[in-house]
Amino acid sequence: MWITSSLRSLKLSSPFLHGSTSLSHVSKPDSTLSQKPLKTPAFLPPIRAMKSLQGRVVCATNDKTVSVEVVRLAPHPKYKRRVRKKKKFQAHDPDNQFKVGDYVQLEKSRPISKTKTFIAVPVPSRIGKEEKVELGIPLESQQPQEQQA
């Protein structure tokens, strides 16, 4: 009984109670963090980097398709040593110009079939590997052999 009478005697005195004071004159925090960032226009497409990979042709038996093995180095999850990871991709070869062992660059394109989303492009050969430097002196095996009787 005593509790209910004491609760009735309590009055809440607040200027915001029952809308006696408007909230419009109360200052709002004005920070640059609360402002929304500017949106880019909807007509501009998102910028994506073109994905291109390099690899070696391992199968060229199919018509207009080559299978390319791409090798990358990745850290081992436990030992942190870099190990070779291999993955095979199917690539479009419209002229059937690539043979097994050729190095090609894979350019990302629209899906050509279920598994082909790359186009094979020839990579210029490395200078140090294929060019042989001639010293001007023939080797012994290339010299004409003299017959002695």
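To be clear, the structure that these remarks concern was listed above.
Bear in mind that the values here come from a model prediction, so they are computed numbers and not experimental data.

Analysis parameters
Residues numbered from 1 in each chain as written. Predicted model: local features only at pLDDT ≥ 70, side-chain atom pairs only at ≥ 80, totals over all residues. Heavy atoms only, no water. Pairing = 2+ DSSP bridges. Helix = DSSP H or I, 4+ residues; strand = E, 2+ residues; numbered from the N terminus. Axes fitted to C-alpha atoms, helices over the stretch in contact; angles between N-to-C directions. Core = buried A, V, L, I, M, F, W, Y, C linked by side-chain atoms within 4.5 Å. Buried < 20%, exposed > 50% of the residue type's maximum accessible area, 1.4 Å probe, protein only. Contact = heavy atoms within 4.5 Å.

Chemist: Which parts of the structure should I look at to understand the sheet that holds strand 2 (residues 65-75)?
Modeler: Sheet strands associate in pairs through backbone hydrogen bonding, adopting either a parallel or an antiparallel arrangement. Here five strands make up a closed barrel; going around it, the order is 1-2-3-5-4 and the pairing mixed. Taken over all neighbouring pairs, the strand axes of this sheet differ in orientation by 50° on average, direction set aside. Of the pairings in the sheet, the one linking strand 4 (residues 103-108) to strand 5 (residues 116-122) comprises five bridges and is antiparallel in character. Looking at the pairing, Glu 107 lines up with Ile 119 of strand 5.

Chemist: Can you walk me through the nonpolar core in this structure?
Modeler: Nonpolar side chains in soluble globular proteins tend to end up buried together. The biggest cluster of nonpolar side chains holds 12 residues, and these are Leu 53, Val 57, Val 66, Val 68, Val 70, Phe 89, Ala 91, Phe 98, Val 104, Leu 106, Phe 118 and Ala 120. Among the elements of the structure, strand 1 (52-59), strand 2, strand 3 (82-92), strand 4 and strand 5 are those that each provide at least two residues to this core. Sorting elements by how many residues they give to this core places strand 2 first, with three residues. Those residues within four positions of Phe 98 in sequence are excluded, and the remaining contacts are Val 57, Ala 60, Val 66, Asp 93, Val 104, Ala 120, Val 121 and Pro 122.

Without other data, these values stay purely geometric and don't point to any function.
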